[in-house]
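Chain and residue survey
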Amino acid sequence: MKIKSHHLPPLILLLLWYNTNQHNVQAQQLPSTIGYNCTANQSSTPCDTYVFYRAAAPDFLDLAAVGDLFSVSRPAISRPSNISSPASRLLPDQTLFVPIKCSCNNVNTSVTISYAPQNFTIRSGDTFYLVSTISYQNLTTFQSVEVVNPNFTPTRLEVGDVIVFPIFCKCPTPSQLRSGVNYLISYVFQPSDSLAAVASRLGASEQSITEVNGGEINPFDTIFVPVSNLPNLTQPVVPPLSPPARERKGAVIGLGIGLGVCGALLILVCGVWYCRERGREYRDVEKQQQKKGDGLLKAEKVSLMADVSGCLDKYKVFEIEELKVATDGFDDRCIIEGSVYKGKIDGEWYAIKKMKWNAYEELKILQKVNHGNLVRLEGFCIDQEEGNCYLVYEYAENGSLYSWLHESKAEKLSWKTRLRIAIDVANGLQYIHEHTRPKVVHKDIKSSNILLDSNMRAKIANFGLAKSGCNAITMHIVGTQGYIAPEYLADGVVSTKMDVFSFGVVLLELISGREARDEQGNVLWASASGVMDGKEEKKLRKVREWMDECLLRESCTMESVSSVMAVAVACLHKDPARRPSMVEIVYALSKSDDLFFDVSEDNGLSPRTVVAR
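All figures in this text were calculated on a predicted structure; none of them were measured in a lab.

**Here's the deal with the packing of helix α20 (residues 536–546) against helix α22 (residues 558–571)**
At their nearest, the axes of α20 and α22 sit 10 Å apart, and the two run at 85 degrees to each other. Between α20 and α22, the angle is such that the two are roughly perpendicular. Contacts between α20 and α22 pair L540, V543, R544 and W546 from the former with M558, V561, S562 and M565 from the latter. Among the residues forming the contact of α20 with α22, the class breakdown is six nonpolar, one polar and one charged.

Right, here's the structure in full:
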C-alpha cells in the first residue's frame with residue numbers, strides 16, 4: 001500500500017528521511033557488480049599488491065597452475081606465501097598470497113574502475129561466470145568482465161579467445177600511505193567468515209577494514225584489507241611427490257585395474273613377492289629374461305609399460321622386428337640426425353626416434369597436442385630386451401630448416417617461403433602456448449627442430465625437452481647455445497616467453513641466412529638489438545645489411561623484411577614480460593604484403609618457392 005506523506009506525523013517523516021539517506025550513503029560505499037570506482041590522482045596507482053587465493057581441486061593444486069592463472073612465476077607466489085619450495089604441491093584450501101599489478105582503468109567514457117587485468121584463454125565449456133567464480137574465486141564478476149571486453153559476446157565465446165578478467169584491487173591513498181598502509185589485500189569474504197576472523201588472520205583491525213570497505217559486507221564480496229606488511233601465512237607440511245610416484249599415478253590411470261595394482265605393489269614390495277603373487281606363468285617369463293641377461297629390473301619394465309599404456313588406443317604399437325627391417329637393423333646409413341632413423345613400413349616412410357626408457361614425458365605431451373604445424377606421432381614400440389623405446393613420427397620429406405639455410409644446397413629458400421615457414425612455426429607455438437592446459441613450453445625451438453614437408457610447410461619437431469606447465473624454476477639447464485633465453489640461462493625460469501626468444505633467433509636466421517652461433521662462439525641475437533633504431537631510412541639500410549645475399553636478388557619488398565626484423569627484435573627483448581605473445585606475433589607476421597605466393601600441391605616446390613644460390 002502506498003503511504004501518502006501528508007498523513008504522517010513530522011517525526012516519522014524525519015525518521016524515514018534519515019533512514020533513506022543512510023541507505024543511500026551505504027549504497028554509494030558498496031561496489032556495483034561492475035567493480036570499484038577509482039580516480040587515479042586520489043591513490044598511488046599503479047601499485048603492487050596481493051590477492052588472497054585458496055588452492056582448489058582439481059586444476060589449482062600446484063603453484064605452476066596458479067602462476068599460469070595470474071601470469072606470475074612460482075617463486076613470486078611461494079615467497080610471500082611462506083612456502084619453502086616453489087615445486088611444492090598444495091592441499092585444497094591452502095592459502096596463498098598472489099602478487100598483482102593494480103591500476104585505475106577507463107573501461108568506457110563514464111566508468112573508471114580499479115583492477116589488475118589478467119589474460120585468460122577460453123577453453124571448451126568456459127563462460128565469463130564460471131571462470132570468474134571458479135578459477136578466479138569471485139575476485140571479479142562476470143558483469144565486470146563483460147564491460148572490460150566489449151568486443152566479445154558472452155554467449156558466443158570460442159575456444160582460444162583471449163579474455164581480460166579484471167581482478168578487483170585497490171591502491172592505498174596518500175593518507176593511507178602516510179599512516180603506514182602499504183597494501184590493500186584483495187580478499188573474498190566467505191559465508192563462514194566474520195570480520196574479526198579476517199582481521200585476525202591478516203593482521204589488521206576490524207575498524208580499519210570497515211573504514212576502507214564500508215559497514216555492510218556480504219558473502220563473496222571482494223573486500224580490501226589494509227596492512228603495513230604481509231602477514232606470515234601458516235602453511236601445512238605437504239610431503240612432495242617423488243618423480244616415480246607421479247609416474248605411477250599416471251600409470252595406474254592408463255592401465256587396467258589388475259596391472260595397475262600389481263605395478264603399485266611391485267614398487268612397494270620386493271620383486272620376489274610380486275612374482276609369487278602374479279603366478280607361475282609370469283614367474284617363468286621373468287626367469288627366462290634373467291637367463292637372457294636382461295639388465296632391467298622387473299619393476300622398471302612393468303612401470304615403463306604402464307607409462308605408455310594410456311597411448312595404446314591412440315597410436316599404433318609397432319613390433320621391434322618391423323622397425324629393424326625398416327632401418328636395416330638401425331644401420332648408420334639410415335640415420336637422419338642423432339638417434340633418429342629413416343625407415344619404410346608398409347610402403348610409407350617414417351622417422352623413427354630411438355630412446356632409452358625415458359619416453360614418458362614426451363609421450364604425455366604428444367598425447368595432448370594435435371596441430372598441422374607440429375610433427376605428428378604415428379606410433380611407438382617398446383623393446384624390453386634391450387631397454388629401448390622407439391617413437392615413430394611422420395616423415396618430413398624436405399628435411400630441416402637448418403639444412404636449407406646453412407648447408408650447401410643448389411637452391412635457396414625464397415623470401416615468401418621463409419615468411420610462410422615463420423608463420424607456420426608461429427602458429428604451432430601459439431597452439432601449444434594458448435590451446436593446451438597446462439601450457440606446453442617446447443624449450444628447444446631452433447632451425448634444426450623445424451621440419452619441412454613435401455609442400456615446404458613447417459612442422460615443429462622434437463618435444464624431448466618440452467615442459468608441461470610454465471612459470472617453473474629448474475636448476476637443470478638444457479637447450480642449444482645461441483637459442484637459450486637469458487632468464488632461463490641465468491635463473492632457470494621456464495615460461496612460454498623462452499620459446500618466443502628462441503623463435504626470434506629463428507627469424508634472424510631466416511632473414512640473414514646466418515647460423516645462431518658462429519665458429520667463434522658469438523651468438524647471432526647479440527648483434528640485432530640496434531638494427532631497428534633510428535629513422536626509417538637508416539633502419540632499411542641496416543636491415544639490408546642483415547639480409548641473406550640471395551634475398552637481395554629477389555623482388556621482395558624491404559618493408560616486409562623490415563617488419564619481420566622488427567618482430568624478431570621484439571621477441572629478443574631481455575625482459576620476458578615485454579616480449580610479444582605468439583598471438584601477437586602471428587598477427588604481425590600475417591599482415592605482410594609478401595605473404596601470398598605459389599605452393600604446388602603436387603610437387604611441393606614451385607619455381608617461386610626457391611631461388612638460385
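**Quick look at a negative patch on the surface**
Taken together, the side chains of E337, E407, E515, D518 and E519 make up a negatively charged region of the molecular surface. Assignment of secondary structure puts E515 in the loop between α19 (496–512) and α20. Here E515 falls in the partly exposed class, since its relative accessible area comes to 35%.

**Considering the sheet that holds strand β9 (residues 340–345)**
Read across the sheet, six strands follow the order β7-β11-β12-β10-β9-β8 without closing on themselves; strand pairing throughout is mixed. Each having just a single partner strand, β7 (316–317) and β8 (335–337) make up the two edges of the open sheet. Taken together, the six bridges between strand β10 (residues 348–355) and strand β12 (residues 388–394) define a ladder with antiparallel strand orientation. Bridge assignment links K354 to a residue of β12, and that residue is Y390.

**Some details on the packing of aromatic side chains**
The relation between two aromatic rings is expressed through the spacing of the ring centres and the mutual angle of the planes. Counting across every chain of the model gives 18 aromatic pairs. Here the aromatic rings of Y53 and F70 are separated by 5.4 Å at their centres, their planes lie at 85 degrees, and the arrangement is edge-to-face. One end of the pair, Y53, is in strand β1 (residues 47–54); the other, F70, is in helix α2 (residues 63–70), and 17 residues separate them in sequence. Each member of the pair Y53 and F70 is classed as buried. Seen in terms of ring centroids, F501 and W525 are 5.2 Å apart; in terms of plane orientation they differ by 80 degrees. Their pairing is edge-to-face. Highlighted residues: F501 in helix α19 and W525 in the loop between α19 and α20, separated in sequence by 24 residues. Taken together, Y53, F60, F70, F120, F128, Y136 and F165 form an aromatic cluster joined through their ring pairs. In this arrangement the basic side chain of R437 is found over the ring face of F120, its NZ or CZ atom lying 5.1 Å from the centre.

**Here we look at α20**
Here α20 has its buried residues at K539, K542, V543 and W546. Considered in projection along α20, the buried side chains sweep an arc of 100 degrees and stay on one side of the axis. α20 presents E537 and E545 as exposed residues on the side facing more than 90 degrees away from its buried surface. Taken together, the buried residues of α20 touch α19 and α22.

**Considering the layout of surface pockets**
Empty space among the atoms becomes apparent when a probe as large as a water molecule is rolled across them. When its volume is computed, the second largest pocket comes out at roughly 1,200 Å³. Around the second largest pocket, the lining is made up of 41 residues, and of these S71, V72, N119, K497 and A577 lie nearest the centre. Going through the elements one at a time, α2, β2 (95–106), β3 (112–121), β4 (162–168), α17 (415–434), α19 and α23 (582–590) are the ones with two or more residues in the lining of the second largest pocket. For the lining of the second largest pocket, the element with the highest residue contribution is β3, accounting for six residues. Considered class by class, the residues forming the lining of the second largest pocket number 20 nonpolar, 10 polar and 11 charged.

**With respect to the confidence of the model for the chain**
Of the residues in the chain, 76% reach a pLDDT of 70 or more, and the chain-wide mean stands at 80. Of the regions scoring below 50 in pLDDT, residues 285–304 engages in 24 contacts with residues more than four places distant in sequence or in other chains. This model gives residues 596–613 a pLDDT under 50, and the stretch forms 48 contacts once residues within four places in sequence are excluded.

**Some thoughts on the packing of helix α7 (residues 195–202) against helix α8 (residues 206–213)**
Here α7 crosses α8 at 105 degrees, and the two axes come no closer than 9 Å. Between α7 and α8, the angle is such that the two are roughly perpendicular. Only E206, I209 and T210 of α8 make contact with α7, whose side of the interface consists of L195, A196, V198 and A199. In terms of residue class, the contact of α7 with α8 is built from five nonpolar, one polar and one charged.

**Here's the deal with the pattern of salt bridges**
All told, the structure shown has 13 salt bridges when counted by the stated rule. The closest approach of N and O atoms between R333 and D331, which form a salt bridge, is 3.0 Å. Overall, the relative accessible area of 68% leaves R333 in the exposed class. Notably, a salt bridge pairs K446 with D444, separated by 3.9 Å at the nearest N-O pair. What you see here is one network of salt bridges that share partners, running through R376, E378, E394 and K459.

**Some words on the environment of T557**
Of note, T557 is situated in the loop between α21 (549–552) and α22. Residues T557 and W415, 142 residues apart in the sequence, show an inter-C-alpha distance of 9.4 Å.

**What about the environment of A588?**
Its location among the elements puts A588 in helix α23. The spatial distance from the C-alpha of A588 to the C-alpha of A566 is 9.7 Å, given a sequence separation of 22 residues.

**Here we look at α2**
Taken across its eight residues, α2 has eight buried, putting it largely inside the fold. Taken residue by residue, α2 has L63, A64, A65, V66, G67, D68, L69 and F70 as its buried positions. Structurally, α2 contributes buried residues whose contacts are with β1, α3 (74–78), β2, β3, α4 (128–135) and β4. Residue D62 occupies the N-cap position of α2, its side-chain oxygen lying 3.1 Å from the main-chain nitrogen of A64.

**Focus on unusual backbone geometry**
For the bond from A57 to P58, the omega torsion is 0 degrees, close enough to zero to count as cis. Tracing the chain through its elements places P58 in the loop between β1 and α2. Cis geometry marks the peptide bond from R437 to P438, where omega comes out at -5 degrees. At N138, a residue that is not glycine, the phi angle is positive and equals roughly 70 degrees. By the secondary structure assignment, N138 is in the loop between α4 and α5 (142–148). A positive phi angle is found at D328, which is not glycine, with a value near 55 degrees.

About the thresholds
- Residues numbered from 1 in each chain as written.
- Predicted model: local features only at pLDDT ≥ 70, side-chain atom pairs only at ≥ 80, totals over all residues.
- Heavy atoms only, no water.
- Axes fitted to C-alpha atoms, helices over the stretch in contact; angles between N-to-C directions.
- Helix = DSSP H or I, 4+ residues; strand = E, 2+ residues; numbered from the N terminus.
- Parallel < 35°, antiparallel > 145°, perpendicular 65-115°, else oblique.
- Contact = heavy atoms within 4.5 Å.
- Nonpolar A, V, L, I, M, F, W, Y, C, P; charged D, E, K, R; others polar.
- Patch = residues over 30% accessible without salt bridge, like charges linked within 9 Å, V, L, I, M, F, W, Y side chains within 5 Å.
- Areas by Shrake-Rupley, 256 points an atom, 1.4 Å probe, with all protein chains shown as cover.
- Salt bridge = Lys/Arg side-chain N within 4 Å of Asp/Glu carboxyl O.
- Lys, Arg positive; Asp, Glu negative; His and termini not counted.
- Charge placed at Lys NZ, Arg CZ, Asp CG, Glu CD.
- Buried < 20%, exposed > 50% of the residue type's maximum accessible area, 1.4 Å probe, protein only.
- Pairing = 2+ DSSP bridges.
- Phe/Tyr/Trp six-rings, centres within 6.5 Å; stacked < 30°, edge-to-face > 60°.
- Lys NZ or Arg CZ within 6 Å of the ring centre and 35° of its normal.
- Arc of directions from axis to C-beta.
- 1 Å grid on protein atoms, 1.4 Å probe; cavity = no way out; pocket = protein on both sides within 12 Å on 5 of 7 lines; lining within 4 Å.
- Points joined across faces, edges and corners; volume = space filled by probe spheres on them.
- pLDDT = per-residue confidence, 0-100.
- Polar contact = N/O pair within 3.5 Å; in protein donor to acceptor, adjacent residues only side chain to side chain.

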